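The lines below spell out each chain.
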Amino acid sequence: MRLCALSVDLDEIPNYFAIHGLDTAASGGRGLSAVYDVAVGRLLDLAEEERVPLTLFAIGSDLERPENRETLRGAHLRGHEIANHTLDHRYDLVRLGRDAIAAQIAGGVDAVRAAVGEAPVGFRAPGYTITDEVFDLLQEMGVRYDSSVFPCPAYWALKATAIGFYSARGRPTRSIVDTPNVLRAPTRPYFVGRPYWRRGTGMLELPIQVTPKLRLQFIGTTVTMAGPTGARRLAKMCVGEQLVNLELHGIDVLDERDGLEALAPHQIDVRVARERKLAAIRAVVAALREEGYDFVTMREAAGKFV
Ligand SMILES: [Zn+2]
């Protein structure tokens, strides 16, 4: 079995201001809805040209905006899967307490259902941070698969360092750091146990992709920063995996010219030309396709691991 699922978290631009501890006023009102207004269209064009289905993880509160609902409905009608990325994308989701966590999950489900006419079956937590409590709630609510676990040592260390850096400069970031135990989690699809980083008989987890052995992160940021040649090399490192679960973000197909000038000094990937980023994503698709990979939605992938 050789499957590849391309998923895209539709984190809207204000989330990036929050990560860097910046006020959205710095944008001058530009680019704040560039993910729904620009990135989704680019991704759907790419998906159509490459003949790959996407799985879009939507944040429920973004769907209060009628244009965003329309955009998402369009993607759904073109056969892409729409999944749940919580109601408000609270980076501190796991610290909110059981009732508020349940409301965040259910609110995301309701918003997606209202927008596209079908309830989502998949879930991804904000910032890759998840706990047994969240897994319990997902299971109670009948969620079919989760894709939040990111067992990547380099990413974990980078995030911990960044959070320390921001707080030292008096710019508290909204990010929170996960337990290092997540690094003990399987790197391939598994049924979660208790604690969730052990195997068990709980719900299906489709971990965010890392390369086998070295466990380098294989996500949108690394792909787009690597450029087409580097991205192709990273993709080839994953050949042999039953599922390559490549997680992108809407911002991965945007650049400074999309109204993101205020973010560019803080976020290096925004400075990479979108043409180069799109070429890098296409290079991954080509590299895996020539190795016999089939492109599927996350829901379809989950169906193979029952
Ligand atoms: Zn997100």
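Note that the coordinates shown come from a computational prediction; the quantities given were computed from them, not determined experimentally. (Residues numbered from 1 in each chain as written. Predicted model: local features only at pLDDT ≥ 70, side-chain atom pairs only at ≥ 80, totals over all residues. Heavy atoms only, no water.)

Visitor: Just checking my understanding: could you explain the nonpolar core for this structure?
Guide: Buried together is how nonpolar side chains tend to be arranged in soluble globular proteins. Membership of the largest hydrophobic core comes to 53 residues, with the highest contact counts inside it found for Ile13, Leu72 and Phe218. Of the residues forming this core, the biggest block, nine residues, is contributed by helix 2 (residues 34-50). With sequence-adjacent residues up to four places away left out, Ile13 is seen in contact with Gly31, Leu32, Ala34, Val35, Ile251, Leu254, Leu260 and Leu263. In terms of nonpolar packing, the next biggest core, distinct from the first, is built from 22 residues, Val94, Leu138, Tyr196 and Trp197 among them. (Core = buried A, V, L, I, M, F, W, Y, C linked by side-chain atoms within 4.5 Å. Buried < 20%, exposed > 50% of the residue type's maximum accessible area, 1.4 Å probe, protein only. Helix = DSSP H or I, 4+ residues; strand = E, 2+ residues; numbered from the N terminus. Contact = heavy atoms within 4.5 Å.)

Visitor: What am I meant to see in the packing of aromatic side chains here?
Guide: For any pair of aromatic rings, the description rests on two quantities: the centre-to-centre distance and the angle between the ring planes. Using the criterion set out here, one finds five aromatic pairs in the structure. Between Tyr128 and Phe150, the aromatic rings sit 4.8 Å apart at their centres with planes inclined by 45°, giving tilted as the arrangement. With Tyr128 in the loop between strand 4 (122-123) and helix 5 (132-140) and Phe150 in the loop between strand 5 (145-146) and helix 6 (153-168), the pair connects residues that are 22 residues apart, well separated along the chain. Overall, the relative accessible area of 9% leaves Tyr128 in the buried class. The buried category is assigned to Phe150, whose relative accessible area is 4%. Look at Tyr128 and Tyr155: their rings are 5.2 Å apart centre to centre, the planes differ by 85°, and that puts the pair in the edge-to-face class. Taken together, the positions of Tyr128 in the loop between strand 4 and helix 5 and Tyr155 in helix 6 put the pair 27 residues apart, joining distant regions of the chain. (Phe/Tyr/Trp six-rings, centres within 6.5 Å; stacked < 30°, edge-to-face > 60°.)

Visitor: I tried to follow the environment of Glu290 on my own but got confused; where do I start?
Guide: Along the polypeptide, Glu290 turns up in the loop between helix 8 (274-289) and strand 9 (294-296). Apart from residues no more than four positions distant in its own chain, Glu290 is found in contact with Arg232 and Lys236.

Visitor: Please clarify how the pairing of strand 2 (residues 54-58) should be interpreted in this entry.
Guide: A regular strand places its side chains on the two faces of the sheet in alternate fashion. The element strand 2 is largely enclosed, with a buried count of five among its five residues. Of the two faces of strand 2, the one lined by Leu54, Leu56 and Ala58 and the one lined by Thr55 and Phe57 are each fully buried. One ladder, built from four bridges, connects strand 1 (residues 3-9) with strand 2; its direction is parallel. Across the sheet, Val8 pairs through a bridge with Leu56, a residue of strand 2. In terms of strand pairing, strand 2 meets strand 3 (residues 81-84) through four bridges, oriented parallel. Residue pairing across strands places Ala58 opposite Asn84, the latter belonging to strand 3. A crossover links strand 2 with its parallel partner strand 3, the connecting element being helix 3 (residues 66-77), and its sense is right-handed. (Pairing = 2+ DSSP bridges. Right-handed = clockwise from strand over helix to strand, strands pointing away.)

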